[in-house]
Every structure is written in structure tokens, then in C-alpha cells.
Amino acid sequence: MVEEKIICIGCPLGCETNLKIDDQGEVIKITGYKCKEGRQYVLEEYRSPVRVLTATVLTQSSARPLFPVRSNRPLLKTQLKEAAKALAGVKVKPPIRVGQTILSNLMNTGVDVIATDDLTY
Amino acid sequence: MKFSDVDVAVIGSGPAGMAAAIKAKEEGAEHVLILERQEQLGGLLHQCVHNGFGLLYFGQDLTGPEYACRFVEKVRDLGIEVLLETMVTQISVDRKLTAVNSREGPIHLQPKSIVLAMGCRERSRGQLSIPGTRPAGIFTAGTAQRLVNVEGFIPGKKVVILGSGDIGMIMARRLSLEGVEVKAVVEILPYVGGLIRNEVQCLHDFDIPLLLEHTVTQIHGEQRVEAVTLAKVDKNKRPVDGTEQNIECDTLLLSVGLIPENELSRMAGVDLDPLAGGPVVDERRETNIPGIFAGGNVVHVHDLVDDVSWEAEIAGAWAARLPQKGDLEKKGKTILRPGRNIRSIVPQTISDQSDVTFYIRVKEMEEKVRLRIGDIYHRAFRVVKPSEMIKVDLLKKELKRLKERTTELDVECEKGE
Ligand SMILES: Cc1cc2nc3c(=O)[nH]c(=O)nc-3n(C[C@H](O)[C@H](O)[C@H](O)COP(=O)(O)OP(=O)(O)OC[C@H]3O[C@@H](n4cnc5c(N)ncnc54)[C@H](O)[C@@H]3O)c2cc1C
Ligand code: SF4
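Structure report, in brief. (Residues numbered from 1 in each chain as written. Chains lettered and ligands numbered in written order. Predicted model: local features only at pLDDT ≥ 70, side-chain atom pairs only at ≥ 80, totals over all residues. Heavy atoms only, no water.)

**Considerations on the pairing of strand β13 (residues 181-187) of chain B**
All names here are of chain B.
1) Next: Of all 7 residues that make up β13, 5 are buried, and the element is covered over most of its length.
2) Next: Pairing between strand β12 (residues 158-162) and β13: 5 bridges, direction parallel. Across the sheet, the residue bridging to V159 is V182, located in β13.
3) Next: Crossover connection from β12 via helix α4 (residues 166-177) to parallel β13: handedness right-handed.
4) Next: Taken together, the 3 bridges between β13 and strand β14 (residues 210-212) define a ladder with parallel strand orientation. Bridged to V186 within β14 is L211.
5) Next: Note that the unit made of β13, helix α5 (residues 196-203) and β14 has a crossover that is right-handed. (Buried < 20%, exposed > 50% of the residue type's maximum accessible area, 1.4 Å probe, protein only. Helix = DSSP H or I, 4+ residues; strand = E, 2+ residues; numbered from the N terminus. Pairing = 2+ DSSP bridges. Right-handed = clockwise from strand over helix to strand, strands pointing away.)

This is how it looks when you write it as C-alpha cells:
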């Protein structure tokens, strides 16, 4: 059996919770949360901690050297660093509209990288 | 547009300026003009490429630029006039406004109403007084954010961040993702300065050490920062002898707070509130100078952009009514007085009997308290924190209980639920 600590971010209280996990990786017991929503959050955060990736890519624009992008869906947090590296070689060309796909199927995750701004020239 | 015809002039085009201008136009003001010193609309949002914007306003998790885009589109669709690369240099007590740009030279306006939406700026090293040399490699976190996200320039390879405000934590994550080694985030208080969400997702996710009750006592290096000395602090925030440690780094980022930008307000004779840092306003977000309104970070530093937009809409709506209806009558004036564990309250006065949106910041973290506004409102909180502003909406009918002769209302946190 192992224990894991997870801080709930559900509200400003930021409860520190403790999870007891059996050898199969199943959660046996959670303590330290103060409400039902918090318990649910902690369970999800344990099972699959995901985050939206936001970053910038290079441009061929005369107006600005960098352009902001994001993943259209969250990635596993363990994939964030690698995903950020995968974007390092990307260079976009105007015109681009906010929401447009910049890179599809990032690292075979099924997640796309999309533009978060307009770039006219 | 002739500059002589301006109904509502908005200074600044961040989320506050755009929301105020849009609302003013929607409320029927004919000529609405935004003056912005930068070359594009959006203010700080451009450099905030991370997500976390608009969760409340749009019910969606947007990045800064995405949030800005939605407002920019509306500004265009509504035919709001925009002057970019135009710096407002002066406002007088009688609402004369002077601005300059390289195309028109000096511009003189006499708008019927003005909305101040100049935002805030970061506290710098000068306001902190850390001893040591003055080498290159010391940046405010916001400057670093602009360098990394807009200009494409990484400020260093090994970074220490002083202050655990949201900007500093967000930069810790951003730099880590860019391959920079973030050695530590150092906070003088016993708790984190920013949102809990940012502590978890920006520091814990990247295994960045957070040193609470610590500060930077010395900066080393001749040309460039080579190291900083950290020390633990006691209850009075004074460094404790013998706890010093040296951390090798080439960059120090400062994330030690924001100050509303109010040089223009001062010129116009607008009264400032030393607690909130910005103009004293009433529930319409009108200042003591009739026809001059204010909203967003120029009034007080908000945590969330959603509140910035909402507050500015109040200012914009009332700014639009003035040119249409002339002087708006006000019934009396009640002053809000910050009491136990209250740092600041906006608005500072209420002068009408209309709906009011209050933003309240506490001084210290406290569990199980009851927030009270005179005898007209109270609410129990599991916890209140300086890093999480409290919003209270009071409807006109709830204020009816406010007797006409009431001239002062105490706002305070009472112990116990
Ligand atoms: C680094 C950082 C991270 C943030 N992260 C988040 C987040 O994750 N989620 C969230 O909800 N909020 C976040 N915020 C908060 C949010 O971005 C700000 O609250 C918001 O931008 C403030 O809006 P504003 O319009 O009041 O000011 P600003 O955006 O600062 O806009 C003010 C504008 O006024 C212009 N101006 C000033 N003086 C003059 C003059 N004299 N003449 C002409 N123009 C002038 C400036 O150029 C600027 O464009 C963050 C803020 C920062 C700094
Ligand atoms: S468990 Fe409930 S009370 Fe505790 S931080 Fe999470 S949401 Fe807040």
C-alpha cells in the first residue's frame, strides 16, 4: 500500500488530502477533504491529472516573432514538457484566425494545437 | 469622427477599457473613443498566453489573447472609434483631455464623460530595497513574461523568483516548459500570495521548491547576477541570523505586487484611496470629479479578469448615461468603513439607491468568519484570504433597509461562523 498527497484546488481553502492506494493502484481511502466536490476532484486528479498546454510558436510574420497557441483538449500532465518541446520547431505563416488548427494529433495523443489569437500579416 | 463630438472617452484598451467602451456604446452613447498607447487593443492580455481567463464571464477556460479577441471583435462590430499608439498625457478637472501620437501630434478633447482604465504596473526593486550590487539579470515577472511570450527572449538559464504572486508562479511554469531551471520561489509570508490553483499547477507540477517565510537578503554579481542569498524570516519579517544560504542563479524575477497606475487621475483632481490604491468611487464607479469614471485594475488590483470586465461595464454604463441625461442626481452619500481584517473595499462610497457590486479584500488569512456590511448584509466563509478577493452583489431592494440618514457603514470580518 502507498500513500499520496493531493491538494484540492476546488476553493480557496486548498485542503491537503491523503490517499491510501492498494497494490493494484485502486484508491482505498481518502482523508482530509472537506466537501463532496473536493473528494471528486481529488479522485480525478489521482486517476488522470490533466492540464491544458499553452505555449508560443515562431512566426514568419513581420509584425511579431511569436504567436500564442494551446492544446484544444487537456493533456496528461506528465506529457507537458515533451509536448512543449514538440512545438519548438513549429513556425506559422499569416494569415491565421483564432481557433485555427496549427498542428493536428500532437504526439499521437489525438489532441490538436490551435491558435489563440489572430495574425493578419 | 470629429474629436469635439466625443461622448465617452476611454483611456486604456485592456479588458477594462474594452468592456467599458462596449457597454457605453450598447447603452446608447453615440461617439465612444478608446485611446491606447500600445499598437494593439488588449492591454496585459497579450502577454498572458496561459489559460484561466473567462471561467466566470464566459463559462469557458480561455487564454488571455482568446479572451481579448472576443472583446476586440465587439469593439469593431459596434463601430467604436480607436486611437492606437496614442498616449493620454493630461486630464483636467473640467474633463479636458490631452493626448499625443506621431500622426496627429497633440489632440485636445472635451468628452462628456471619461472612463479611466489604465490598469496597473509592477512594483520594482527600488520599492523593495534589497542590498547588494546592481548587476543585469533582475526583472519584474511581468517584464519577463513580455520578453518570453511576446518578444521571444529567454531572460536566463537559472532563475530565482522572489514573491509568490500569480505572475511569478505562472512564469515559473512558463520558464520550466522552456527548459529554464527555476531554482526556487521565495515568499516572505507564511502562505502563498497567489491562487491555490497556480501553486499546484505551476509549482508542484514542475517540482519547483517553494520557500515560505524566506526572503532574498543579498544579490551577488558584478556584470550579471551570479547568486542570491536567501534567509528565513521571523514573525516581524526580519531575516534570522544563521539561516542564510546562497543559491547560484543568473536571473532574479520579482513578483512582489502591482500598483494601480494613477498619474492621470491625480492630475484631474481625482481623490485616491490609499488602501485600494486607486480612485475613490461610488457604486457607479464615478470618482469625486463628476463625469470621470474608473474600472478595472486602475481602481484596485483584481485577481480575475472576469471581475475587471464586470466592474468596467458598470463604469461604461453610467458614463453613457451622463451625455444622454445630463447631470445624474444622487441621493445622499454613505461611506464604507473598513473594520476588522478588511484591507480595502470598492466602491468606497454609495450615493444612490441602485444595485451595488462590492469587491472586498481582507488583510490576513482567517478561517470561519462572518463578513458583515453594516446591518444590511452578512455571509459566513470557511476561509478568507488576501489572495482571493470577495465579491458581494447587493440589490437595490436589499439596500432599502439602509436608512436615509445612514452616513457610514462598517465592513468587517467577525470571528466564528
Ligand atoms: C502576468 C499576469 C497574469 C495574469 N493571469 C491571470 C489569470 O490567469 N486569470 C485571470 O483572470 N486574470 C489574470 N491576470 C489579471 C488580468 O490580466 C488583469 O487583471 C487585467 O489585464 C487588468 O485589466 P485592465 O484593463 O484593468 O488593465 P490592463 O490590461 O493593464 O490595460 C491597461 C491599458 O491601458 C493602457 N494605458 C495606460 N495608461 C495609458 C495612457 N496614459 N494613455 C493611453 N493608454 C494607456 C495600457 O497600455 C494598457 O493597454 C493576470 C495579470 C497579469 C499581469
Ligand atoms: S475539499 Fe472542498 S473545502 Fe476543501 S479545498 Fe476542496 S472544495 Fe474546498
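Now that the structure has been shown, we can carry on.
**Notes on helix α2 (residues 64-77) of chain B**
Residue and element names in this part refer to chain B.
1) Next: Compared with an ideal rise of 1.5 Å per residue, which puts 14 residues at 20 Å, α2 spans 20 Å between its outermost C-alpha atoms and is within 8% of the ideal.
2) Next: Taken residue by residue, α2 has G64, P65, E66, Y67, A68, C69, F71, V72 and V75 as its buried positions.
3) Next: G79 lies just past α2 and shows a positive phi near 70 degrees. (Expected span 1.5 Å × (residues − 1).)

**Some thoughts on the site of ligand 1**
All names here are of chain B.
1) Next: Neighbouring ligand 1 are 32 residues, the closest being A16, E36, Q145, N297 and V305.
2) Next: One of the side-chain nitrogen or oxygen atoms of R37 is found 3.2 Å away from an oxygen atom of ligand 1.
3) Next: In this structure, an oxygen atom belonging to ligand 1 sits 2.7 Å away from a main-chain N or O atom of V305.
4) Next: For the shell around ligand 1, the secondary structure elements donating two or more residues are α1 (15-26), β3 (51-53), β6 (87-91) and α7 (305-325).
5) Next: The element contributing the most residues to the shell around ligand 1 is α7, with 3 residues. (Near = heavy atom within 4 Å. Polar contact = N/O pair within 3.5 Å; in protein donor to acceptor, adjacent residues only side chain to side chain.)

**Topic: the site of ligand 2**
1) Next: Taken together, A:C8, A:G10, A:C11, A:L13, A:G14, A:C15, A:Y33, A:K34, A:C35, A:G38 and B:R382 are the residues near ligand 2.
2) Next: Mapping the residues near ligand 2 onto chains gives chains A and B.
3) Next: The residue inventory of the shell around ligand 2, partitioned by class, reads 6 nonpolar, 3 polar and 2 charged. (Nonpolar A, V, L, I, M, F, W, Y, C, P; charged D, E, K, R; others polar.)

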